[in-house]
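Here are the chains, one letter per residue:
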Amino acid sequence: MYLTKNRAGSRLQIVLIFCLLSPLVLAGQTISPEATKHWNAARRDEAQKQFAPAVSEYRKVTELEPTFAAGFVSLGQAVMEQHDFASAVAPLKHALELDSTLVPAHQLLGYALLAQGYAVEAIQHLERAHEQGALGIAQVQTGQFADAITNLQAALQKRPNDPDLLYYLGRASGLLSKQSIDTLLAAYPDSARASQAMAENYFVLRQMPEDEKLYQQALQQRPDIPNLHLELGQVFAATSRWPQAEEQFRAESKIQPGNAEAAYRLGDALLHQGKTKEARSALERADKLQPQMPETLYSLGKADLLEGNAPAAEKCWLELLSIEKEGELAAQTHFALAALYRKQGKTVDAEREMKEFQKLQNNGASPPS
Amino acid sequence: MLDRLLQIVCVLLLLAPVNTGGAPQFEVHTPRGIDFTLQNSPTAKKYLIETMPGGVALLDYNNDGLLDIFVVNGGRISDPMTVPENFDRHNPRYWNRLYRQNKDGSFTDVTEQAGLANVSDGNYGMGVAVGDYDNDGYPDLFVTNYGKNILYHNNGDGTFTDVTAKAGVAGGGWSVSAGFFDYDNDGKLDLFVTRYMEWDTQHSKDCGGSFHTYCPPGEFPRTTNILYHNRGDCTFEDVTEKSGMAAKKGHGLGVAFADYDGDGFTDVYVSNDGMQQYLFHNGGNGTFTEVGMEAGAALNVDGGPLSGMGVVFQDYDNDGLPDVIVTTLPRQTYAVFHNDGNGSFSDRGLQTGITMLSGVTSGWGVGLEDFDNDGQKDLFVAQGHVLDNVEKIDPSLHYLEPVLLAMNRGGRFEPADPGTAALMAARGAAFGDLNNDGSIDVVITVLGSPPQVFMNRGGGAHWLTLTLRGTRSNRDGLGARVQVNGQTRFATTAGSYESASDKRLHFGLGSAKTAKVDIFWPSGIHQVLNAVTVDQFLEVREPER
């Protein structure tokens, strides 16, 4: 698959390139005193971020020492510092003609090519340089999604939470998923899985009637597929058809008794119908299957409160806040605790929780409206 | 005490077929003689006012014992609007209308003869409030507009006079709902007006991308509501600042009144769009304090803001305390703020089943009325999304929606057949017994369509309808707390959305053969009537002491 490089992508790649540029080491070659003079002048200019004179000095080095590979590498690097990726390619390629094992030349050439959209050509150089981050990005561009995911994940191990790497990993995963689904739809258009895949798309588009129909089709063909009932239940939940949602979540829980999400969603559907006792039971099961899930704890607290068990509700919500201190759910929980304390006449506690709620709201947490 | 009462008993024959089933049977139609279409004049510019009208009032303007219908019209909107703004109302299709009910249940358009034709010219109509502000025994009309509001004095001879200028209640900006109430218990009705936002057609916005759509309220500055104090000389004083109301700007749409904390002074609940709701506690000294957040009646159960539109402030669970139901946009569910006593509320959306009934609907006019006379107040909501192209944004939502009728079964509301599955963009809703058969009927307004009347064909259960005749209190006893066989109603014509309901207080009594009536008048007088005969309309006069 060919991907058009977008402007944002280019920007990100340039950022990556300059993060990774590092001073190159002379490869043990001896050069003339005059060339050394120009070399040192170039290095001084570079240190002072004077790249135009540095380029001029490196160019003199390469003219005086035409077999000095490191000179061409440095020239290429200085040119790239000026964001002139096209002009960097020739000296870097020449450096590799002189010494094909020169890793920095591969690294820089890979980046220079990638920055200009020549992802296919860049890959071989980035592979040689073991630049997994940039390699992963290049592979996203060339449609090698599985390899891209592997390389980006490896790069993220070294640079966790790097926003560029995270972005491309997400993009690669999404595109790989789409590729698989496209294959599925092309090869088995009438299969239950094809219906499920299409239904998932309709769900995102909130086209619920079509969505429901496809899930029902899939269930008719293969009622035993895990998650089908769960997903259909979510369609019903999204349209406030809670009894139907309950039915589907129950069916999923029967197929997958160990699935905490199915138990949680069943509890939530029951809660929406005011069936608090049953809801509590399902939510407790979800909590056992996957402890310390904030969503489960929040709903369980609600169910406890509706059942008249304020201490249990308080316990759930305090546990939630020990896990999750920021964000929407934490804000909601402080609000719920404030209401609970207010009912108990604990004015000071209620005010404290309201302040926490308002603080989180001001910080950007926006409980569902 | 009984011997001092003036009781006028009007027992009417129940001509309609008796429904002995659980749910009421409604016959839905536009009655003969009503030729009104709500002209909201939608434009490509998507001026927000277009989707917000219009109100409806049920009042007996000529005191003939039959409820009449007043409907507020929008107006003509040029596309695009130019300055100075002018919503041409000369064409009769843009007039507000007053329909007098005839004895046969049909209606006659008396707009012109009543002096109400063409009178809102230049303004774009929104809502209506009804109250006898001068205590002369005839209900007066207050019409809210985008523009200047208008107070019509009922002359008692079938005509009205525009007394806005003299009364000093023109206001301005974008007024939506209004209501008469006596906040200082001086026996004269005061007036509260909600206002939506600071907006005009030249500062309108289009929030669509590839298509045009109306903007949410957060795109525009908040504004103040208005409180007018009735001086008693047919003029009003704007006490918005003095009363403390001005301290809280909002996006006010609906308003309802009740004394939630039993201190003898009527409080004010304002439904705000896209933000917290306001509960204004009446301090009894002419000032109000907004306590919604502290009272637990401002946000939804998860601490989220509400797109509050309509509001009702009545006791749904017969515990004697007024609760609040706020209608909202989809994905929020209607808020049910149960009055827990001690001045605080708790969200009971889940327990009442209302959460389940309102996940994907948009509610406007709303009422808590006992439609099947079983002694429990049921819920009626006029529904329809605010965006006329919402399907483009979210295909699972719809502009046109059915109305919601939910029967109260021991505090839990269960959906019932309202008599029609028709989809519409309903807005205002007013409640009252149109044909005096002892069953509550409903009139709703619909954008671009005629009003719909839901005639309740009644049932076998007993009922009692009270008309309050204040002497020390305001003449209609608005603000009185009335208890009948364990049920409580707060006398008001306000609530719902942009609408005014019958001032009479209706109680379903189930199988009870007699009723005990307790009236707590705004004057502080507690009046008791024992062994009252059921199935009657009873006027109760406040003891003069």
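Residues numbered from 1 in each chain as written. Chains lettered and ligands numbered in written order. Predicted model: local features only at pLDDT ≥ 70, side-chain atom pairs only at ≥ 80, totals over all residues.

## Regarding the overall build of chain A
Secondary structure summary: chain A contains 20 helices and zero strands in total. Taking the principal axes of its C-alpha atoms as reference, chain A extends roughly 90 × 60 × 30 Å. Burial status across chain A gives 44% buried among its 369 residues. The contacts of chain A with a sequence gap of at least 6 include a subset with a gap of at least 24, amounting to 42%. (Helix = DSSP H or I, 4+ residues; strand = E, 2+ residues; numbered from the N terminus. Buried ≥ 20, exposed ≤ 12 C-beta atoms within 10 Å, placed from the backbone. Contact = placed C-beta atoms within 7 Å.)

## Comments concerning the overall build of chain B
Counting its regular elements, chain B contains five helices and 37 strands. Seen through its C-alpha atoms, chain B measures out along the principal axes to roughly 70 × 50 × 50 Å. Residue burial in chain B is summarised as follows: out of 545 residues, 61% are buried. Summarising the internal contacts of chain B: among those between residues at least 6 apart in sequence, 61% fall at separations of at least 24.

## Looking at the sheet that holds strand E20 (residues 311-314) of chain B
Residues and elements named next belong to chain B. The antiparallel open sheet is built from four strands, whose spatial order is E20-E21-E22-E23. Each having just a single partner strand, E20 and strand E23 (345-347) make up the two edges of the open sheet. Ignoring strand direction, the axes of neighbouring strands in this sheet form an average angle of 20°. Inspection of the sheet shows strand E22 (residues 335-339) paired to E23 by three bridges, in the antiparallel sense. Pairing of Asn339 across the sheet is with Phe345, part of E23. (Pairing = 2+ DSSP bridges. Axes fitted to C-alpha atoms, helices over the stretch in contact; angles between N-to-C directions.)

## Quick notes on the pairing of strand E24 (residues 363-369) of chain B
Residue and element names in this part refer to chain B. Within E24, seven of the seven residues are buried, leaving the element largely enclosed by the surrounding structure. Where E24 and strand E25 (residues 378-383) come together, five bridges link them in antiparallel fashion. Residue pairing in the sheet places Gly367 in a bridge with Phe380 of E25.

## Focus: the sheet that holds strand E27 (residues 412-416) of chain B
For sheets, the rule is that strands pair by backbone hydrogen bonds, running either parallel or antiparallel. All names here are of chain B. Across the sheet, four strands lie side by side as E24-E25-E26-E27; this open sheet has antiparallel pairing. Unpaired on one side and paired on the other, E24 and E27 mark the two borders of the sheet. Direction aside, neighbouring strands of the sheet carry axes that sit 25° apart on average.

## Examining unusual backbone geometry
All names here are of chain B. A cis amide bond, omega 5°, links Asp79 with the succeeding residue Pro80. Mapping Pro80 onto the fold places it in the loop between strand E4 (68-71) and strand E5 (97-101). The omega angle of the peptide bond from Val83 to Pro84 is -5°, so this bond is cis rather than trans. Even without a glycine there, the phi angle at Lys46 is positive, about 55°.

## Here's the deal with the packing of helix H8 (residues 132-141) of chain A against helix H9 (residues 145-158) of chain A
Residue and element names in this part refer to chain A. Taken N-terminus to C-terminus, the directions of H8 and H9 make an angle of 155°; their axes are 8 Å apart at the nearest point. The angle between the axes of H8 and H9 places the two elements in the roughly antiparallel class. The way H8 lies across H9 gives a crossing that is left-handed. Here Gln132, Gly133, Leu135, Gly136, Gln139 and Val140 of H8 lie close against H9, whose contacting residues are Phe145, Asp147, Ala148, Asn151, Leu152, Ala154 and Ala155. Split by residue class, the contact of H8 with H9 holds seven nonpolar, five polar and one charged. (Parallel < 35°, antiparallel > 145°, perpendicular 65-115°, else oblique. Left-handed = near helix turned anticlockwise from the far one by under 90°. Nonpolar A, V, L, I, M, F, W, Y, C, P; charged D, E, K, R; others polar.)

## With respect to helix H14 (residues 242-255) of chain A
Here H14(A) contains 14 residues, and its C-alpha end-to-end distance of 20 Å stays within 8% of the 20 Å for a straight helix at 1.5 Å per residue. The set of residues buried in H14(A) consists of A:Trp242, A:Ala245, A:Glu246, A:Gln248, A:Phe249, A:Glu252 and A:Ser253. Along its buried surface, H14(A) packs onto helix H13 (228-238) and helix H15 (260-272) of chain A together with helix H4 (354-357) of chain B. (Expected span 1.5 Å × (residues − 1).)

## A short note on the nonpolar core
Judged by nonpolar contacts, the single largest core of 216 residues is most densely connected at B:Val128, B:Ile325 and B:Leu464. The element that contributes the greatest number of residues to this core is helix H19 (residues 327-343) of chain A, accounting for 10 residues. Discounting residues that sit within four places of it in the chain, B:Leu464 has contacts with B:Val484, B:Phe507, B:Leu509, B:Ala515, B:Val532, B:Val534, B:Gln536 and B:Leu538. The next biggest cluster of nonpolar side chains, apart from the first, holds 48 residues, and it includes A:Leu108, A:Ala112, A:Ala148 and A:Ala172. (Core = buried A, V, L, I, M, F, W, Y, C linked by C-beta atoms within 7 Å.)

## Some details on the pairing of E5(B)
All names here are of chain B. Counting buried residues along E5, five of its five residues qualify, which places the element largely inside the surrounding structure. Of the two faces of E5, the one lined by Arg97, Tyr99 and Gln101 and the one lined by Leu98 and Arg100 are each fully buried. Judged from the three bridges that link them, E4 and E5 form a sheet pairing that is antiparallel. What sits directly across from Phe70, in E5, is Leu98. Relative to strand E6 (residues 107-109), E5 runs antiparallel, the two being bridged by three bridges. Within the sheet, the bridge partner assigned to Arg100 lies in E6 and is Thr108. The loop that links E5 with its antiparallel partner E6 comprises five residues; one of these, Gly105, has a positive phi angle of about 90°.

## Let's talk about the environment of A:Asn227
Topologically, A:Asn227 is positioned in the loop between helix H12 (208-221) and H13. Expressed as a C-alpha distance, the spacing of A:Asn227 and A:Gln248, which sit 21 residues apart in the sequence, is 9.9 Å.

## Quick look at the interface of chain A and chain B
Taken residue by residue, the interface counts 22 residues in chain A and 20 residues in chain B. Secondary structure elements with two or more residues in the side of chain A that touches chain B: H15 and H19 of chain A. Ranked by residue count, the leading element in the side of chain A that touches chain B is H19(A), at six residues. When its residues are assigned to classes, the side of chain A that touches chain B shows 11 nonpolar, eight polar and three charged.

## With respect to the environment of B:Trp463
All names here are of chain B. By the element assignment, Trp463 lies in strand E31 (residues 462-469). As for Trp463 and Gly375, which are separated by 88 residues in sequence, their C-alpha atoms are 8.5 Å apart. Those residues in contact with Trp463 that sit more than four places away from it in its chain are Asn373, Gly438, His506, Phe507, Gly508, Leu509, Val534 and Asp535.

## Examining the confidence of the model for chain B
All names here are of chain B. Per-residue confidence for chain B gives a mean pLDDT of 94; residues scoring 70 or more make up 95%. Per-residue pLDDT stays below 50 along residues 1-21; that stretch engages in 38 contacts with residues further than four places along the chain or on separate chains. Complex prediction metrics read pTM 0.83 and ipTM 0.88. (pLDDT = per-residue confidence, 0-100.)

## Here's the deal with the confidence of the model for chain A
Per-residue confidence for chain A averages 89 on the pLDDT scale, and 91% of its residues sit at or above 70. Low pLDDT, under 50, characterises residues 1-27 of chain A; the predicted model gives this stretch 31 contacts beyond four residues in sequence or across chains.

## Side note on the packing of H12(A) against H13(A)
All names here are of chain A. Between H12 and H13, the least distance of the axes is 10 Å, while the angle of their chain directions is 155°. Regarding the angle of H12 to H13, the classification is roughly antiparallel. Viewed along their axes, H12 and H13 form a crossing whose handedness is left-handed. Residues Met208, Asp211, Glu212, Tyr215, Ala218 and Leu219 of H12 pack against Leu228, Glu231, Leu232, Val235 and Ala238 of H13. Residues belonging to the contact of H12 with H13 are distributed by class as follows: eight nonpolar, no polar and three charged.

## Notes on H13(A)
Because an α-helix completes one turn every 3.6 residues, residues spaced three or four positions apart along the sequence face the same direction. Residue and element names in this part refer to chain A. Of all the 11 residues making up H13, nine are buried; the element is thus mostly covered by neighbouring parts of the structure. When H13 is considered as a whole, its buried residues turn out to be Leu228, His229, Leu230, Leu232, Gly233, Gln234, Val235, Phe236 and Ala237. Of the surrounding elements, those touching the buried residues of H13 are helix H11 (192-204), H12, H14 and H15. With its phi angle positive at about 60°, Ser240 sits one or two positions after the end of H13.

## Thoughts on the environment of B:Gly495
Residue and element names in this part refer to chain B. Examined against the element boundaries, Gly495 turns out to sit in the loop between strand E33 (487-490) and strand E34 (505-510). Distance in space between the C-alpha atoms of Gly495 and Val270 is 9.5 Å, their sequence separation being 225 residues. Every residue in contact with Gly495, bar those within four places of it in the chain, is listed here: Ala256, Val311, Val312, Phe313 and Ser501.

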